[in-house]
Amino acid sequence: MQIIYISILCLIAVSVSGAPSKSDRFHRDGERVAVIGDSITAWGRYASIVHLFHQLRMPDRNITWFNNGLAGDQAMYTKWRAKTEGNPLDRDILRNRPTTAMIMLGMNDARNASVWERPEADKQERIARAANDYRTAMDELLPRLQTNGVERFLFIISTPYDETTRAKRKALIGK
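Residues numbered from 1 in each chain as written. Predicted model: local features only at pLDDT ≥ 70, side-chain atom pairs only at ≥ 80, totals over all residues. Heavy atoms only, no water.

### Let's talk about unusual backbone geometry
- Notably, arginine 97 is not glycine yet its phi reads approximately 50°, a positive angle.
- Take arginine 97: it is sitting in the loop between helix H4 (75-81) and strand E3 (100-104). (Helix = DSSP H or I, 4+ residues; strand = E, 2+ residues; numbered from the N terminus.)

The structure is reproduced here in structure tokens:
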């Protein structure tokens, strides 16, 4: 839980210090922000903190937020949710006409025990395939969003995997 809060503070610090101009440091008035990601996004905690930050620091800005997080999501599935027609999913990304996409994907794209508990040679091949699948899907997702009105992208590095988990399943060392 603390890692998520630390990550959010870093995100805010980076958005403040690393922005090219003062006007681009924060979300702008009138933005429609699609917060896109997996279960961590669906949970809503980090998006709520960023939303609250903007409400408290810039109450005059009218920013609309849409949580498009879906548990278990991966980049390849997210690109399917960014369709303008024939999308039966409840979490369709484009239905709210976002102008900005705040994206945190990658944890599920790194796969699970089916990759990380393999013999080393097989494991490395599967990791490389997973990374390639992620890049390919993101290369398709971003232009699709852009073509449909998304003008700005904010990328959040996926939260770190906790190798010290006390869950009943075996920790995936190296993930």
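### Digging into the sheet that holds strand E1 (residues 32-37)
- Strand order in the open sheet made by the 4 strands is E2-E1-E3-E4, with parallel pairing throughout. In the strand order of this sheet, the two ends are held by strand E2 (64-69) and strand E4 (152-155), each with one partner. Neighbouring strand axes in the sheet, compared pairwise and without regard to direction, differ in orientation by 20° on average.
- Note: E1 against E3, 5 bridges, orientation parallel. Its bridge partner lying in E3, valine 35 is registered against methionine 102.
- Helix H6 (residues 120-147) contacts E1, E3 and E4 of the sheet and is inclined by roughly 145° relative to E4. (Pairing = 2+ DSSP bridges. Axes fitted to C-alpha atoms, helices over the stretch in contact; angles between N-to-C directions. Contact = heavy atoms within 4.5 Å.)

### Overview of the pattern of salt bridges
- One pass over the full model with this rule turns up 4 salt bridges.
- A salt bridge links arginine 81 to aspartate 73, with the nearest nitrogen and oxygen atoms 2.7 Å apart. Just as arginine 81 is buried, aspartate 73 falls in that class too.
- Arginine 129 serves as the salt-bridge partner of glutamate 125, at 3.0 Å between the closest nitrogen and oxygen. One end of the pair, glutamate 125, and the other, arginine 129, are both in helix H6, 4 residues apart, so they sit about a helical turn from each other.
- Overall, arginine 129 belongs to the partly exposed group, its relative accessible area being 41%. (Salt bridge = Lys/Arg side-chain N within 4 Å of Asp/Glu carboxyl O. Buried < 20%, exposed > 50% of the residue type's maximum accessible area, 1.4 Å probe, protein only.)

### Quick word on the side chain of arginine 81
- Among the structural elements, arginine 81 can be located in helix H4.
- Residue class for arginine 81 comes out buried when judged on its relative accessible area of 1%.
- A polar side-chain atom of arginine 81 sits 2.7 Å from a polar atom in the side chain of aspartate 73. (Polar contact = N/O pair within 3.5 Å; in protein donor to acceptor, adjacent residues only side chain to side chain.)

### Overview of the packing of aromatic side chains
- One pass over the full model with this rule turns up 2 aromatic pairs.
- Ring centres of tyrosine 77 and tryptophan 80 lie 5.4 Å apart, and the angle between their planes is 55°; this geometry places the pair in the tilted category. You can see tyrosine 77 and its partner tryptophan 80 sitting in helix H4, 3 residues apart, about one turn around the helix.
- The exposure class of tyrosine 77 is partly exposed, given its relative accessible area of 35%.
- Ring plane angle 10° and centroid distance 6.0 Å describe the contact between phenylalanine 153 and phenylalanine 155, whose orientation is recorded as stacked. (Phe/Tyr/Trp six-rings, centres within 6.5 Å; stacked < 30°, edge-to-face > 60°.)

### Here we look at the environment of alanine 110
- Mapped onto the fold, alanine 110 is located in the loop between E3 and helix H5 (113-116).
- On the accessibility criterion, alanine 110 (24% relative accessible area) is partly exposed.
- With 20 residues separating them along the chain, alanine 110 and alanine 130 place their C-alpha atoms 6.1 Å apart.

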